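# Structural description and commentary
Spelled out from the first residue to the last, the chains are:
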Amino acid sequence: MKIPFYKYQGTGNDFVMIDNRKQLLSKNNTKIIKMLCDRKFGIGGDGLILLENPDIDGDDFKMVYFNADGNESSMCGNGGRCLVAFAKFLGIIENAATFTAIDGPHKATISDHQVSLQMQNVAEIKQLGNSAFLDTGSPHHIIFTKNVADLDVKKEGAVIRYSDEYVANGGTNVNFVDMQEDNTFLVRTYERGVEDETLSCGTGVTAVALAAHASGKANKNTVKLIVPGGELSVSFSKENETYTNVWLTGPAEQVFKGEIVCQA
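None of the values given here were measured: they were computed from a predicted structure.

Along the backbone of the protein there are five helices and 17 strands. In terms of overall size, the protein behaves like a compact globule, its C-alpha atoms giving a radius of gyration of 18 Å where 264 residues would be expected to give roughly 18 Å. For the protein, the C-alpha atoms occupy an extent of roughly 50 × 35 × 30 Å along the three principal directions. The 264 residues of the protein split such that 53% are buried. Considering only contacts within the protein whose residues lie at least 6 apart along the sequence, 60% involve residues at least 24 apart. Taking the average location of the 25 positive side-chain charges in the protein and that of its 33 negative ones, the two points are 4 Å from each other.

Printed below as a string of structure tokens:
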């Protein structure tokens, strides 16, 4: 079985993209999905995303996201941005999109290689001393600390990801954050499902921006996030205790395309 694919990256967060409107790939084939994401035996990626026909009237397409371990997962912000770029490449959209992912509806705009994706509202942020926990489509534990560049993120992140506090509910992503200057933060992320550090995490930097604002570490409604793979920004409004109109913005680019042979 030969499957055409495309590879996209958003600030180093990379994804295998498949136009699955004709159901080329079964969503139940965890083994093949895991192989496609494998950097030794497949294409390689932090995840795999299927672009499918929409289930909802008015949508342009549907997003189905899988972690590198082959399992369907919660929302991926950078993956959503890359999928919008893919949809534009396929001619499905021009400069704006409406689509539904596992966490609900999303809107997006694209200009050149910059994609802005509207994320879900966030009403609850648990403050845990110098840490926080919130869900931005995926669960994130945030740790504000120093010397983030020197941390062993894979080791330290795994301890929290598999801790008794989180493991019973499927674990959490973990973000280590160091304030650089006003409204600018350095972020490194351990992602569940990848079980390692990734160069960027869209839902993660969104969580960092909101947690930083909620704790008074950021004082503007646009926050700059520096990740190992580049730079992103998150803008938002706050109504009472709820963060609304949350937008994640950054680059999304096609890296290459090809065809892979899969054993059924």
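Moving on, we come to the packing of aromatic side chains. Per the stated rule, a full pass over the model turns up nine aromatic pairs. Judged by centre distance (5.2 Å) and plane angle (50°), the ring pair of tyrosine 6 and phenylalanine 86 falls under tilted. Within this pair, whereas tyrosine 6 is found in strand β1 (residues 2–10), its partner phenylalanine 86 is found in helix α2 (residues 77–90), the two being separated by 80 residues in sequence. Its relative accessible area of 17% is what places tyrosine 6 among the buried residues. A ring pair is formed by phenylalanine 15 and tyrosine 65, whose centres lie 6.2 Å apart and whose planes are at 70°; its orientation type is edge-to-face. With phenylalanine 15 in strand β2 (residues 13–19) and tyrosine 65 in strand β4 (residues 61–67), the pair connects residues that are 50 residues apart, well separated along the chain. Here the two residues phenylalanine 15 and tyrosine 65 agree in accessibility, since each one is buried. An aromatic cluster of three or more residues is present, and its members are Tyr6, Tyr8, Phe86 and Phe89. The ring of tyrosine 162 has arginine 161 lying over it, and the distance from NZ or CZ to the ring centre is 4.2 Å. Between lysine 217 and the ring centre of phenylalanine 144, over which it is positioned, the NZ or CZ distance is 4.6 Å.

A few words on the UniProt feature "binding site: substrate" (unreviewed entry) in the protein. According to UniProt, the positions carrying the feature "binding site: substrate" (unreviewed entry) are Asn13, Asn67, Gly77, Asn78, Asn173, Glu191, Arg192, Gly202 and Thr203. Taking the annotated residues in turn, Asn13, Asn67, Asn173, Glu191, Arg192, Gly202 and Thr203 line the largest cavity. Mapped onto the fold, glycine 202 is located in helix α5 (residues 202–214). Residue glycine 202 is classed as buried on the basis of its relative accessible area of 0%. Residues in contact with glycine 202, not counting those within four places in the same chain, are Asn13, Gly77, Asn78 and Leu248.

Rules behind the numbers
Residues numbered from 1 in each chain as written. Predicted model: local features only at pLDDT ≥ 70, side-chain atom pairs only at ≥ 80, totals over all residues. Heavy atoms only, no water. Helix = DSSP H or I, 4+ residues; strand = E, 2+ residues; numbered from the N terminus. Rg over C-alpha atoms; globule rule 2.2 N^0.38 Å. Buried < 20%, exposed > 50% of the residue type's maximum accessible area, 1.4 Å probe, protein only. Contact = heavy atoms within 4.5 Å. Lys, Arg positive; Asp, Glu negative; His and termini not counted. Charge placed at Lys NZ, Arg CZ, Asp CG, Glu CD. Phe/Tyr/Trp six-rings, centres within 6.5 Å; stacked < 30°, edge-to-face > 60°. Lys NZ or Arg CZ within 6 Å of the ring centre and 35° of its normal. UniProt positions renumbered as here; feature names shortened; annotations may be inferred. 1 Å grid on protein atoms, 1.4 Å probe; cavity = no way out; pocket = protein on both sides within 12 Å on 5 of 7 lines; lining within 4 Å.

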